[in-house]
Amino acid sequence: MAQKKVWEKEYQNPKLVTGYDKPQAFFLKFLKYIKKDLGLNLGNFRILDLGSGTGRNANYLAQKGAQVIGIEISDTAINLAKNRAKEIGAETKYIKQSIGEKYPFDDKSFDLVVDITSSNSLDENEREIYLSEVFRVLKKDGIFFVRALCKDGDKNAKFLLKNNSGKEKDTYIMPETCLVERVFSKDDFIQIYSKYFKILKMEKTESYSTINNRQFKRNFWLVTLIPGQ
Ligand SMILES: C[S@@+](CC[C@H](N)C(=O)[O-])C[C@H]1O[C@@H](n2cnc3c(N)ncnc32)[C@H](O)[C@@H]1O
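What counts, and at which threshold
Residues numbered from 1 in each chain as written. Predicted model: local features only at pLDDT ≥ 70, side-chain atom pairs only at ≥ 80, totals over all residues. Heavy atoms only, no water. Pairing = 2+ DSSP bridges. Helix = DSSP H or I, 4+ residues; strand = E, 2+ residues; numbered from the N terminus. Axes fitted to C-alpha atoms, helices over the stretch in contact; angles between N-to-C directions. Contact = heavy atoms within 4.5 Å. Near = heavy atom within 4 Å. Polar contact = N/O pair within 3.5 Å; in protein donor to acceptor, adjacent residues only side chain to side chain. 1 Å grid on protein atoms, 1.4 Å probe; cavity = no way out; pocket = protein on both sides within 12 Å on 5 of 7 lines; lining within 4 Å. Sits in = over half its atoms within 2 Å of the grid points. Nonpolar A, V, L, I, M, F, W, Y, C, P; charged D, E, K, R; others polar. Expected span 1.5 Å × (residues − 1). Buried < 20%, exposed > 50% of the residue type's maximum accessible area, 1.4 Å probe, protein only. Parallel < 35°, antiparallel > 145°, perpendicular 65-115°, else oblique.

For the chain, the name recorded in an unreviewed UniProt entry is Methyltransferase domain-containing protein, with Candidatus Campbellbacteria bacterium RIFOXYC2_FULL_35_25 as its organism.

Structure representation (structure tokens):
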């Protein structure tokens, strides 16, 4: 299973993940957008959180009344997420499996699928399965929200791609964790996702990632997608 050991080690001895238990501002902004601009009611949603980590987003969504399932490969992260759900009385369901393998869900059974900086760890074969599976399980009027590492204008990505490149296109190996990550240019992101989805909104944002107590400025894509035809 892809990079499972690296992620498990990361959760046991964190160098990268923060352990925060609340959604980040960009995700709250997205939820406001779907409520205010698209007129959708989260409380009625069935939501799939890909790479749910310690449940910061999945548990929050479940607390708001949505029916939420998180898929995650790290046992440690799943246990933390489940404990937090219990503490706050959220009925979030967590499943241990890779988001790069076929999903155990019916066709068109989710209103919202979120991938918050998780699929960057997939290889190209897994990415193809992830894309077709999200398309399959998303309702025709469903929404797919992706936060992905952006290559454009990111000096750290440029440095890593040059000095620590991985085997596949636009991948590098993070020296601190040995995690292989994929970064996306705007054109690549559009080309890859357009096979299955239409882009409703795409913005580039900047944020700081902390690794071993050092801060690195990184660029991210925040993208709202809907199923294509
Ligand atoms: C950067 S963390 C983000 C966690 C969470 N989405 C959040 O916003 O807090 C990436 C997460 O994806 C998980 N992950 C990475 N590859 C995965 C895979 N193939 N299948 C399932 N989970 C995966 C990692 O274990 C980790 O929890």
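Can you lay out the sheet that holds strand β4 (residues 110–116) for me, pointing to particular residues and giving the numbers?
A sheet is described by the order of its strands in space; here 7 strands give the open sequence β3-β2-β1-β4-β5-β9-β8, paired in mixed fashion. At either margin of the open sheet sits one strand with a lone partner, and together these are β3 (93–96) and β8 (197–211). Put simply, the sheet's adjacent strands are angled 15° from each other on average, direction ignored. Looking at chain direction, strand β5 (residues 138–149) and strand β9 (residues 214–227) are connected through 6 bridges and run antiparallel. Pairing of V146 across the sheet is with V223, part of β9. Lying on the sheet, helix α2 (residues 25–36) is in contact with β4, β5, β8 and β9; it crosses β5 at an angle near 155°.

I'd like a rundown of the site of the ligand, residues and numbers included.
In the neighbourhood of the ligand, 16 residues make up the surrounding shell, with Y11, G51, E72, S98 and I99 lying closest. At 3.0 Å from a nitrogen atom of the ligand is found a side-chain nitrogen or oxygen belonging to S98. With respect to the ligand, the backbone of I116 contributes an N or O atom lying 3.0 Å from a nitrogen atom. With respect to the pocket detection grid, the ligand is positioned in the largest pocket. Elements that contribute at least two residues to the shell around the ligand include exactly α1 (4–12) and α3 (56–63). Broken down by class, the residue content of the shell around the ligand amounts to 6 nonpolar, 8 polar and 2 charged.

Give a detailed account of helix α5 (residues 124–137), specifying residues and quantitative values.
Here α5 spans 20 Å end to end across 14 residues, near enough to the 20 Å set by a 1.5 Å rise per residue. Every buried residue of α5 is accounted for by E126, R127, Y130, L131, E133, V134 and V137. Taken together, the buried residues of α5 touch β1 (46–50), β4, β5, β7 (180–182), α7 (186–194) and β8. Between the side-chain oxygen of the N-cap and the backbone nitrogen of N125 there are 3.1 Å, and the N-cap of α5 in question is D123.

Can you tell me about the packing of α1 against helix α4 (residues 75–88), naming the residues and giving the values?
Direction vectors running N to C along α1 and α4 enclose 50°, while the axes themselves pass 7 Å from each other. Taken together, α1 and α4 sit at an angle that is classed as oblique. Here α1 contributes K4, E8, Y11 and Q12 to the contact with α4, which in turn contributes D75, T76 and A77. Looking at the contact of α1 with α4 residue by residue, the classes come out as 2 nonpolar, 2 polar and 3 charged.

Residues and numbers for the environment of K139, please.
Tracing the backbone through its elements, the reader meets K139 in strand β5. You can call K139 partly exposed: its relative accessible area is 28%. Between the C-alpha atoms of K139 and D107, which are 32 residues apart in sequence, the distance is 7.7 Å. In this structure, K139 is in contact with K108, S109, F110, D111 and P227, ignoring residues within four places of it in sequence.

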